[in-house]
Structure formats: structure tokens, C-alpha cells
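Report on the structure
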Amino acid sequence: MSRTTRLSSSLLRAAAVTGVAALTLTACGSGSGSDSSSSGSGSGTVKVGLITKTDTNPFFVKMKEGAEKAAKENGAELSTAAGKFDGDNAGQVTALENMVAAGVKGVLITPSDSKAIVPAIEKARAKGVLVIALDTPTDPEKAVDALFATDNLKAGELIGEYAKAAMKGKKAKIATLDLAPGVSVGVQRHDGFLKGFGASDKDVVCAQDTGGDQAKGQTAMENCLQKAPDINVVYTINEPAALGAYTALKAKGREKDVLIVSVDGGCTGTQAVKDGKIAATSQQYPLKMAAEGVKAVVTFAKDGKKASGYTDTGVTLITDKAQDGVASKDTGYGLENCWG
């Protein structure tokens, strides 16, 4: 989707703003259709781009808030864009091309498709733009300059270890409500859960993709209960999927005897842990990912120092039913540090 038509600099800037605005681009601190904000609009202002999977998921809303705050604190100008839906690689490619054309120094991106986005990232980097992945690694991971993210494998391991301990030796009938093919974060959480539980895919009695959506999570759980009515452990890619699973289980009168574990740590999900709908969740910190990313771009602009490698932005197991040998914090801590 590279653009080959040569435009004058003024037309190029206009095209960039128009194109990115069409991709749900919003202004920081403004209700207008503008694509940027800054604490200063002088020629020396560092331009930073943020591209998320969607602009509706509370996780990405919080990520944007973190980027906005960091941009203001560091005198940077932030442009934001998002795919029209989770999985909209074409939308992310267009947003990235438009931001590069508009002269950003660096772009922070949560890839919707870890592999398909790589060619566009390579083009951006070839033009001297620093590209940092947030939350979701590219495939290969080295396709970007750096990755600021939760250790998603560890997040999965934590809830796997918790579920294993909570079962107290009872034979597990596991259902996994996953994300979607081709998304590295979903694979890592799934694999981490099985590793932490000491299980493998052959031990899973039902596996369904949910796209991280609550309604799809409910349908997936209904399908799994038809296939294997004696399911007693449910791993979910995120808390919306977990709440969908809970709804399906409650409709069957099974909500009290099925253990649900998840990942994310949003405020709604953490409250669901407190309410007993979800047994435990691994909490991650999107605001920190974005804030550190903005700072890295500003540093690069000022002294040429590039962020590199992987930066772990942390993960904490949240539960009110602690298990021996599994480190965790209660929902009081979780609600103080949640997002959404």
C-alpha cells in the first residue's frame, strides 16, 4: 500500500492529515477533527505518532491517555490513529504511511496483525522513523526498533499457575477462549497459561477464538459447553471474553463450579474478580507502555539515541483468593492500578 505519487510538501501534509483523520484519528485535548496536539507548535517540536488496534477498547483508550500526558510533559506533538476494528491491518498501514508523510520522528504501534504490518514498518524505518511496538510484538520481533510490553507469556503463566493451585489436584477439563490466528499476544498468553498449568493443547477439551469480544466470548463458551459439559477451568484471552464466558455459565447454573482466569487488569475486569465472576487476572499497564514510548521518541529526536530490545512494563496477578506458592495482590491493589 505504498504511495508512489509525488506531491508537493503542502499537498502531502494535507493528504496526511485527511487520510489519518479518516482512520478514527482524534485530537489530544481537543474536540475538533485535528490529528494532533502539542504543548508547543514551533518547528522544533518533536512529532510522535500512536497507532492502536481500535479506539474503543478501554486498554487502548488508557494507552492513548498515557501518550497524551507524556507528550504534553515532554513538549511533543502527538498524532493518533486506530484501525476501524481489531484486525484492521490495512487501516494501520495507511495510518503509518500518513504519519511518516507528515514528518513524525517516531511511531508507537500496537500491531493488529503481527506479520502483515512488517513491510510497512520496514519502509518507515528506512526513512529514519523510530518504530516502537507497544503491547503486541511484531513477527519477527526485530522488525521494530524496540518493544515496550507486558511479558504476555509470563501473564499467561501466572494465571496458569494460579488455576493449577486452585484446582487442588482435581482433574481439569480445560476450555481456552483465545484471540485470533496470527496475533502474537494471543499465542503467548495461551501458551503461557498451558505452561503455568503444566498442560498442553492435547489437554484442552475445547478451544474457540473470540477476538477478545464479550458477545463472542459468550457464544464460544456456549459452544464449548455443548461439546464438553463437564468443563471446569476456563482460560480467556481477556476480561471481556471472561465476562462473556461467565454469562454463558450462569445461564447453565455453572458459574459457581467453573474456575475462570484471564489477563488484562482493566477496571471492569478487576471488579469482576472482586465480585467473584473471575477467579484471577493478570494485570498489565498500558499507560506506562505509551508514556515510556513517547519519552523514547523524544530522546531519539534530541540526541539520536534509539530505544532497542524489549522493555517489560510489568504484570501482577490479581485475586482475592490467594493460593500458596503463587505471588499475587488483592483487588484493592488491582482497582487502584486498573485502567478503563
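Quick note: structure is the one above.
Our subject in this report is the structure included herewith.

Conventions used here
Residues numbered from 1 in each chain as written. Predicted model: local features only at pLDDT ≥ 70, side-chain atom pairs only at ≥ 80, totals over all residues. Heavy atoms only, no water. Helix = DSSP H or I, 4+ residues; strand = E, 2+ residues; numbered from the N terminus. Buried < 20%, exposed > 50% of the residue type's maximum accessible area, 1.4 Å probe, protein only. Contact = heavy atoms within 4.5 Å. Areas by Shrake-Rupley, 256 points an atom, 1.4 Å probe, with all protein chains shown as cover. Expected span 1.5 Å × (residues − 1). Polar contact = N/O pair within 3.5 Å; in protein donor to acceptor, adjacent residues only side chain to side chain. Pairing = 2+ DSSP bridges. Axes fitted to C-alpha atoms, helices over the stretch in contact; angles between N-to-C directions. Core = buried A, V, L, I, M, F, W, Y, C linked by side-chain atoms within 4.5 Å.

**Topic: the overall build of the chain**
- What the chain contains, in helices and strands, is 11 helices and 13 strands.
- Burial status across the chain gives 53% buried among its 340 residues.
- Sequence separation of 24 or more characterises 75% of the internal contacts of the chain that already satisfy a separation of 6 or more.
- Summed over all atoms, the accessible surface of the chain reaches about 14600 Å², with 49% contributed by carbon and sulfur.

**Observations concerning helix H5 (residues 152-167)**
- The terminal C-alpha atoms of H5, which comprises 16 residues, lie 23 Å apart, in line with the 22 Å expected from a rise of 1.5 Å per residue.
- All of the buried residues in H5 are Asn152, Ala155, Gly156, Glu157, Leu158, Ile159, Gly160, Tyr162, Ala163 and Met167.
- In this structure, the buried side of H5 is in contact with helix H6 (184-197), strand E9 (233-236), strand E10 (259-264), strand E11 (280-283) and strand E13 (316-318).
- For H5, the side-chain oxygen to backbone nitrogen distance between the N-cap and Leu153 is 3.3 Å, and the N-cap itself is Asp151.
- Among the residues trailing H5, Lys168 stands out with phi positive, at a value near 50°.

**Quick notes on the sheet that holds E13**
- Overall, mixed pairing links the 6 strands, which are arranged E8-E7-E9-E10-E11-E13 in an open sheet. Looking along the sheet, the strands with just one partner apiece sit at the ends: strand E8 (204-209) and E13. Sheet twist, expressed as the mean angle between neighbouring strand axes with direction ignored, is 15°.
- With 3 bridges joining them, E11 and E13 adopt antiparallel strand pairing. Pairing of Ser282 across the sheet is with Leu317, part of E13.
- Strand contacts of H6: strand E7 (174-178), E8, E9 and E10, with the helix running at about 150° to E9, the strand carrying the most contacts.

**Points about the nonpolar core**
- Counting residues in each nonpolar core, the largest one holds 28 residues, and the members touching the most others are Ile174, Phe193, Phe197 and Val261.
- At the level of secondary structure, the elements contributing two or more residues to this core comprise H5, H6, E9 and E10.
- Apart from residues no more than four positions distant in its own chain, Ile174 is found in contact with Phe193, Phe197, Ala199, Asp203, Val204, Val205, Cys206 and Val233.
- Counting residues in each nonpolar core, the second largest holds 27 residues, with Leu78, Ile132, Met289 and Phe300 among its members.

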